[in-house]
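# Secondary and tertiary structure notes
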Amino acid sequence: MFLHLKNILTQDEIQAARALLGADAPWIDGRSSAGGQALAQKRNEQLAQDSAQSQQLRALVLTALQRDPLFFSAALPKKIFNPLFNRYSGDSNFYGAHVDGAVLRSKSPDQWVRSDISCTLFLAQPDEYEGGELRIQEAHSERHVKLPAGDLVLYPSSTVHQVAPVTSGARIASFFWIESMVRSTEQRLLLWNMDMHLLKLRSQVGEHDAAVVGLTGTYHNLLRMWADA
Ligand code: NI
């Protein structure tokens with residue numbers, strides 16, 4: 001399931017995030033957090049997780065995610081890995097093809113998170129850098145993703161993906177993983193589609209239409225059957 005959610009962050013939040021990621025930000029070598037397979041092909045920088053900036057930025061991102069009903073419907077999150085932040089620029093400018101680890105240790109809170117969904121929240125505008133697309137392999141094609149600052153992409157953590165070299169400017173983003181209440185991508189996609197159609201139907205015929213009430217019940221009963229909360 002591939003999904004683009006727009007305007008997760010407000011313009012004020014983007015500015016606040018960028019200020020925290022400015023000249024004083026403690027960037028470290030991104031390889032410090034890479035596993036074996038990723039080590040050879042990861043060249044980027046990551047914000048030191050124990051920094052004051054990281055703490056404020058994590059709170060900013062999590063607050064934004066939690067107020068967004070579309071994010072909740074799409075991800076049905078059980079656990080969210082503490083958001084991390086990276087920068088691709090200069091000589092540290094790419095992350096070659098890889099698959100994200102299946103089970104990852106989040107620091108804040110300290111917990112294991114199974115990666116069902118991978119997320120990138122863009123924090124730089126597309127015209128601030130050349131290259132730097134997130135390239136996600138799909139069954140018969142490759143999807144190239146480069147979104148406006150404040151927009152979020154969700155994709156299955158099972159996919160092979162990479163960040164293409166940034167040839168000028170700097171690509172700054174937040175990234176994190178979600179363990180969903182609904183483990184199956186297919187089931188999650190059915191629930192998401194049903195929820196989106198129900199939204200439309202409610203706006204056309206109202207909350208109390210008998211079919212809307214019935215279908216809403218079906219949605220919740222499917223979720224009850226599939227969710228591990
Ligand atoms: Ni990755």
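Residues numbered from 1 in each chain as written. Predicted model: local features only at pLDDT ≥ 70, side-chain atom pairs only at ≥ 80, totals over all residues. Heavy atoms only, no water.

Right, let's talk about the overall build of the protein chain for a bit. Counting its regular elements, the protein chain contains six helices and 17 strands. Computed over its C-alpha atoms, the radius of gyration of the protein chain comes to 18 Å, within 12% of the 17 Å expected for a compact globule of 229 residues. Relative to its full complement of 229 residues, the protein chain shows a buried share of 48%. Contacts spanning at least 24 positions in sequence make up 77% of the contacts within the protein chain whose residues lie at least 6 apart. Only carbon and sulfur atoms are counted for the fraction: they give 53% of the accessible area of the protein chain, which is about 11200 Å². Computed over 22 positive and 24 negative side-chain charges, the separation of the two mean positions in the protein chain equals 4 Å. (Helix = DSSP H or I, 4+ residues; strand = E, 2+ residues; numbered from the N terminus. Rg over C-alpha atoms; globule rule 2.2 N^0.38 Å. Buried < 20%, exposed > 50% of the residue type's maximum accessible area, 1.4 Å probe, protein only. Contact = heavy atoms within 4.5 Å. Areas by Shrake-Rupley, 256 points an atom, 1.4 Å probe, with all protein chains shown as cover. Lys, Arg positive; Asp, Glu negative; His and termini not counted. Charge placed at Lys NZ, Arg CZ, Asp CG, Glu CD.)

This brings us to the coordination of the nickel ion. Surrounding the nickel ion are the protein donor atoms H98 (NE2), D100 (OD) and H161 (NE2), at 2.1 to 2.2 Å. For the nickel ion, the donor residues sit on a single chain with the sequence spacing H-x1-D-x60-H. Overall, H98 belongs to the buried group, its relative accessible area being 4%. Owing to a relative accessible area of 12%, D100 belongs among the buried residues under this scheme. (Donors = N, O, S within 2.8 Å, 3.2 Å for Na, K, Ca; no water.)

Two elements in contact, helix α5 (residues 185-205) and helix α6 (residues 210-226), have axes separated by 10 Å at closest approach and are oriented at 160 degrees. Between α5 and α6, the interaxial angle falls into the category roughly antiparallel. The chirality of how α5 crosses α6 is left-handed. Residue-level contacts link Q187, L190, L191, M194, D195, L198, L201, R202 and V205 of α5 to V212, L215, T216, T218, Y219, L222, L223 and W226 of α6. (Axes fitted to C-alpha atoms, helices over the stretch in contact; angles between N-to-C directions. Parallel < 35°, antiparallel > 145°, perpendicular 65-115°, else oblique. Left-handed = near helix turned anticlockwise from the far one by under 90°.)

Time to look at the pairing of strand β17 (residues 171-180). Burial within β17 is extensive, with ten of its ten residues counted as buried. Along β17, one buried face is formed by R171, A173, F175, W177 and E179 and the opposite face, lined by I172, S174, F176, I178 and S180, is buried too. Both strand β5 (residues 77-80) and β17 contribute to a ladder of three bridges, which runs antiparallel. Its bridge partner lying in β17, K79 is registered against E179. Where strand β6 (residues 84-88) and β17 come together, five bridges link them in antiparallel fashion. Looking across to β17, one finds that F85 is bridged to S174. As paired elements, strand β10 (residues 117-122) and β17 share six bridges and run antiparallel to each other. Each bridged residue has a counterpart across the sheet, and for F122 the counterpart in β17 is A173. (Pairing = 2+ DSSP bridges.)

Counted according to the given criterion, the structure contains two aromatic pairs. Ring centres of F81 and W177 lie 4.9 Å apart, and the angle between their planes is 85 degrees; on these two criteria the pair is classed as edge-to-face. Placement of the pair is F81 in the loop between β5 and β6 and W177 in strand β17, with a sequence separation of 96 residues. For F81, a relative accessible area of 5% translates into the label buried. Considering the side-chain rings of F175 and W177, the 5.7 Å spacing of their centres and the 85 degrees angle between planes classify their relative orientation as edge-to-face. Taking the relative accessible area as the measure of exposure, F175 reaches 15% and is therefore buried. Among the aromatic residues, those joined into a ring-pair cluster are F81, F175 and W177. Here the guanidinium or amino end of R143 rests over the ring plane of F2, the centre of that ring lying 3.7 Å away. (Phe/Tyr/Trp six-rings, centres within 6.5 Å; stacked < 30°, edge-to-face > 60°. Lys NZ or Arg CZ within 6 Å of the ring centre and 35° of its normal.)

All right, on to the pairing of β6 then. With four of five residues buried, β6 is to be regarded as a mostly interior element. In this sheet, β6 lies alongside strand β4 (residues 45-47) in antiparallel orientation, the contact comprising two bridges. Looking at β6, one finds that Q46 is bridged to N86.

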